[in-house]
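# Chains, contacts and geometry: an overview
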Amino acid sequence: MFDALLRIIKPDPDKFNVLNHGDLWCNNMMFQYNGDEKINEIMLVDFQMCMWTSPVIDLNYFLFSSVRGDLRMHEMNNLICYYYQHLTENLTLLGYGGMRPSLKDLHVDFIERQLYGFATTFSLLPICLMEKTDDASIDLMLDQGEAGNEFKRKMYNGAAYVEQMGSLLEYFYDMGAFDINGLGVQRALGVDCDDSLDLPMWLDRKFFEDVISRKLGEAPANERIIRSVHVELATKKGDNYASVLYRAKIDVQNQRTGSVESFSTIVKAPPKEPAEKISYLETSVRETQMYTDYIPAFEKMYRDKGVEVQFAPSCLKSCRGIPEDLLVLDDLTYSDNRMADRRAGLDLKHTELALGLLAKFHAASAVYVDRGHTLTEEFLGPKPVEGFRKMCKDIFQPILDDLIQDMANWDLEPDYYADLQKLARHMLDELAPMMAPRNDQFNVLIHGDLWTNNMLFKYGTNSSIPSVATLLDFQVCCWASPLVDLHNFLFSSVCAELMLTKLNYFLRFYQEHLAESLVLLGYTKRLPTLQQLHADFTDHLLYGFFSAMLMLPFVLVPDTEDASLGTMLEPGTDSWQRFLKKMFRNDQLRTHLKMLIPYFRVRGIPCQAK
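One structure accompanies this document, and this report is about it. (Residues numbered from 1 in each chain as written. Predicted model: local features only at pLDDT ≥ 70, side-chain atom pairs only at ≥ 80, totals over all residues. Heavy atoms only, no water.)

All right, on to the overall build of the protein chain then. The number of helices and strands found in the protein chain is 23 helices and 15 strands. Taking 2.2 N^0.38 as the reference for a compact globule, 610 residues should give roughly 25 Å; the C-alpha atoms of the protein chain span a radius of gyration of 32 Å, well beyond that estimate. In the protein chain, buried positions account for 48% of the 610 residues. For the protein chain, long-range pairs separated by at least 24 residues make up 73% of all intrachain contacts whose partners lie at least 6 apart in sequence. Here the protein chain displays about 30200 Å² of accessible surface, and carbon together with sulfur accounts for 52% of that area. Distance between charge centroids for the protein chain: 7 Å, based on 61 positive and 84 negative side chains. (Helix = DSSP H or I, 4+ residues; strand = E, 2+ residues; numbered from the N terminus. Rg over C-alpha atoms; globule rule 2.2 N^0.38 Å. Buried < 20%, exposed > 50% of the residue type's maximum accessible area, 1.4 Å probe, protein only. Contact = heavy atoms within 4.5 Å. Areas by Shrake-Rupley, 256 points an atom, 1.4 Å probe, with all protein chains shown as cover. Lys, Arg positive; Asp, Glu negative; His and termini not counted. Charge placed at Lys NZ, Arg CZ, Asp CG, Glu CD.)

Packing of helix α16 (residues 483–490) against helix α19 (residues 530–539) brings their axes to within 10 Å, and their N-to-C directions diverge by 70 degrees. The angle between α16 and α19 falls in the class roughly perpendicular. As for how α16 packs across α19, the hand of that crossing is right-handed. Contacts between α16 and α19 pair Leu483, Leu486, His487 and Leu490 from the former with Leu533, Asp536 and Phe537 from the latter. (Axes fitted to C-alpha atoms, helices over the stretch in contact; angles between N-to-C directions. Parallel < 35°, antiparallel > 145°, perpendicular 65-115°, else oblique. Left-handed = near helix turned anticlockwise from the far one by under 90°.)

Moving on: the side chain of Glu287. Along the chain, Glu287 turns up in helix α11 (residues 283–303). Among the residues examined, Glu287 registers a relative accessible area of 3% and is labelled buried. A polar contact of 2.9 Å, which involves the side chain of Glu287, links it to the backbone nitrogen of Phe474. Every residue in contact with Glu287, bar those within four places of it in the chain, is listed here: Lys268, Leu327, Asp473, Phe474 and Gln475. (Polar contact = N/O pair within 3.5 Å; in protein donor to acceptor, adjacent residues only side chain to side chain.)

This part is about a nonpolar patch on the surface. A surface patch of nonpolar side chains, about 570 Å² in accessible area, is lined by Met1, Phe2, Phe122, Leu169, Tyr173 and Phe178. You can see Leu169 is positioned in helix α9 (residues 159–174). For Leu169, a relative accessible area of 33% gives the class partly exposed. (Patch = residues over 30% accessible without salt bridge, like charges linked within 9 Å, V, L, I, M, F, W, Y side chains within 5 Å. Salt bridge = Lys/Arg side-chain N within 4 Å of Asp/Glu carboxyl O.)

With respect to the helices and strands, Leu357 occurs in helix α12 (residues 348–370). Along the chain, Leu357 and Leu44 lie 313 residues apart, while their C-alpha atoms are 77 Å from each other.

What follows is about α9. Since there are 3.6 residues in each turn of an α-helix, residues three or four apart along the chain are aligned in direction. Under the 1.5 Å per step criterion, the end-to-end length of α9 is 23 Å for 16 residues, consistent within 8% with the ideal 22 Å. At Met165, α9 shows its strongest bend, of approximately 30 degrees. The complete set of buried residues in α9 reads Tyr161, Gln164, Met165, Leu168, Tyr171 and Phe172. Immediately downstream of α9, the backbone of Gly176 shows phi near 85 degrees, a positive value. (Expected span 1.5 Å × (residues − 1). Bend = angle between axes of the 7 residues up to and from the residue.)

Within strand β9 (residues 315–319), four of the five residues are buried, which leaves it mostly tucked inside the rest of the structure. Bridge count for β9 against strand β10 (residues 326–330) is four bridges, and the pairing is antiparallel. Its bridge partner lying in β10, Cys319 is registered against Leu326. Between β9 and the antiparallel strand that follows it, β10, lie six residues; Gly321 among them carries a positive phi value of about 85 degrees. (Pairing = 2+ DSSP bridges.)

Moving on to the packing of aromatic side chains. As enumerated under the stated definition, the model contains 36 aromatic pairs in all. Aromatic pair Phe298 and Tyr368: ring centres 5.5 Å apart, planes at 75 degrees, arrangement edge-to-face. Note that Phe298 is positioned in helix α11 and Tyr368 in helix α12, a separation of 70 residues in sequence. For the residue pair Phe298 and Tyr368, the accessibility class agrees, reading buried in each case. Both rings, one in Tyr505 and one in Phe506, keep their centres 5.8 Å apart while their planes meet at 55 degrees; by these two values the pair is tilted. Given the relative accessible area of 22%, Tyr505 is considered partly exposed. For Phe506, a relative accessible area of 1% corresponds to the buried category. (Phe/Tyr/Trp six-rings, centres within 6.5 Å; stacked < 30°, edge-to-face > 60°.)

Another aspect to go through is the nonpolar core. Phe396, Ile399, Leu490 and Phe546 are the most contacted members of the largest nonpolar core, which has 121 residues in total. Per-element accounting of this core gives the leading share, 13 residues, to helix α20 (residues 541–556). Contacts of Phe546, omitting those with residues within four sequence positions, involve Phe388, Phe396, Met427, Leu428, Leu431 and Met551. Core analysis: the second largest hydrophobic core is formed by 30 residues, Tyr61, Tyr116, Leu125 and Phe172 among them. (Core = buried A, V, L, I, M, F, W, Y, C linked by side-chain atoms within 4.5 Å.)

Our focus in this paragraph is the sheet that holds strand β13 (residues 455–459). Within a sheet, adjacent strands bond to each other through the backbone by hydrogen bonds, running parallel or antiparallel. If you trace the three strands from one edge of the open sheet to the other, you get β11-β13-β14, paired in antiparallel fashion. Sheet topology places β11 (337–338) and β14 (466–471) at the edges, where each strand pairs with a single neighbour.

With respect to the helices and strands, the residue His540 is situated in the loop between α19 and α20. Of the residues examined, His540 reaches a relative accessible area of 5% and is grouped as buried. Ignoring sequence-local partners within four residues, the contact set of His540 consists of Met434, Gln441, Ser481, Leu483 and His487.

Let us look at the packing of helix α2 (residues 56–66) against helix α5 (residues 115–123). It is the contact of α2 with α5, at a shortest axis distance of 8 Å, that shows an interaxial angle of 35 degrees. In this structure, α2 crosses over α5, and the sense of that crossing is right-handed. Residues Ile57, Asn60, Tyr61, Phe64 and Ser65 of α2 form the contact with α5, whose participating residues are Tyr116, Gly117, Thr120 and Thr121. Its residues assigned to classes, the contact of α2 with α5 comprises four nonpolar, five polar and no charged. (Nonpolar A, V, L, I, M, F, W, Y, C, P; charged D, E, K, R; others polar.)

Pairing is mixed in the open sheet, where six strands are placed in the order β5-β6-β7-β8-β10-β9. The sheet is open, and its two edges are formed by β5 (192–193) and β9, each paired on a single side. Where α11 meets the sheet, it contacts β8 (260–269), β9 and β10, and its direction lies at approximately 40 degrees from that of β10.

So, about the environment of Tyr459. Mapped onto the elements, Tyr459 comes out in strand β13. A polar atom in the side chain of Tyr459 sits 2.6 Å from the side chain of His350.

Time to look at the pattern of salt bridges. One pass over the full model with this rule turns up 28 salt bridges. Two residues, Glu223 and Arg256, come together in a salt bridge whose shortest N-O distance is 3.6 Å. Of the two residues, Glu223 is situated in the loop between α10 (209–216) and β6 (224–233) and Arg256 in the loop between β7 (244–254) and β8; the sequence distance between them amounts to 33 residues. Residue Arg256 is classed as exposed on the basis of its relative accessible area, which comes to 63%. Three or more residues joined by partner-sharing salt bridges are found here, namely Lys15, Asp109, Glu112 and Arg113.

Here you go:
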């Protein structure tokens, strides 16, 4: 409330402002009366809190502290109009030539800053209405001990104050003053969160009622009650770009047994500001369908063969459009799962677990389609290709141009730098067709954004060796070559020591697990061979170069507040420039790229300038 009050008292340079008294109540004015007890004169006193802002600050403060309770609400509009008439008369008298508010403007401003009046009813009004007492003092009001508490209880429970607050609270509630943060709802959310976290209006206690049933199973009506919900951000800047992730920890009490069950969920919502700018990607449509349809079907295919595979966290709730495009997922970090260190890169065991799970995922999708199931248009044909092409133009091309410019100072061979400049002009256009399937190659449902932070690893107690991998974030899945995922992952997320030295081994490891899973699930077509995988890997090498040049910088960037989708969608802004500087002036990135550039060079990327 006090944060909101600080916002309210700031002057708006585009509106009418005055020097407010700042503490205008009945005890800061003196009246001179004639013999008939009629007022001759009025004079203000106590100018300790004057401030330059809208005149409605004084109006709210005065009207809700000092006007008689039986007159205040009935005469509110008349009193504001009376003030306005005298204001304009005196502005004219004094020859004021600036902008003047209309009476309507004054009423609008009064409403928009009514929280100041609302706060006055809690702070000053009880003092005004309190019965006289010898021990009343500012020291006693501020006292945090029993004497201070007793004084405040007496102040807030006075008969006159309680009576007036009944109608005042109704007035302010009807005027929307309870919605302090402008969330669009005045009811209490019923959740706990850090004061700095501005939660959306829909993220309240009621939102989780069906989540509990899905997580803990059905129960008789009223058998369970939610004891508490604590919400926090689930990721820090730089760990996630295309969504806002909230972690909600929920305690549920069984009314019959008295026992309390606790669990944690991840609420995945679109970013607040720039979501509409990437609506062409249809990320929420695809991810919702992945979590509700395809992933459960893929996991069932393995269960039917006696093999337990979990590709992703369980989906506990999905919403399309109302209140927003949302997913509520089981929080696997609650059971010893966590992300690996993106900047350190994955070691051999982590990489093997990721590739093994990816092979199973690809195999399940291939068999799913082989059995006659069809994917929706969001995953097929021109939509993914055109969406990727537009994303490259909006986000990656400006970054690539800036990177190439920065690489002029990297001591590269002059002819190679010229080749990079030439390639940068058309590289992203050549990439887009790789997001479409080719009839002469093996195709699968690719993850599309496979890097360290889109997977979790399960660890044993006091162990750094993972035993299970799980995939996250299925927003850009589409039907294409598995080499897109392999290039994306191997050239962004594997530690530098293994990225090239174990590359052939990683491809063999993936192919063997892919073939094994295809056979297990009953794939009826010819199995993709390791030799063909290597040939396709080379054929798609430009995607690996893209991953090294434009994904690896995001993986290795140090933590920064500028890391956000909003920053990426505003090329040239100060935050965009700061973020790119943080990415490119990074010794770790330079070390990686100076290792990778010769590899791509001798494999034909970029081709030599003619």
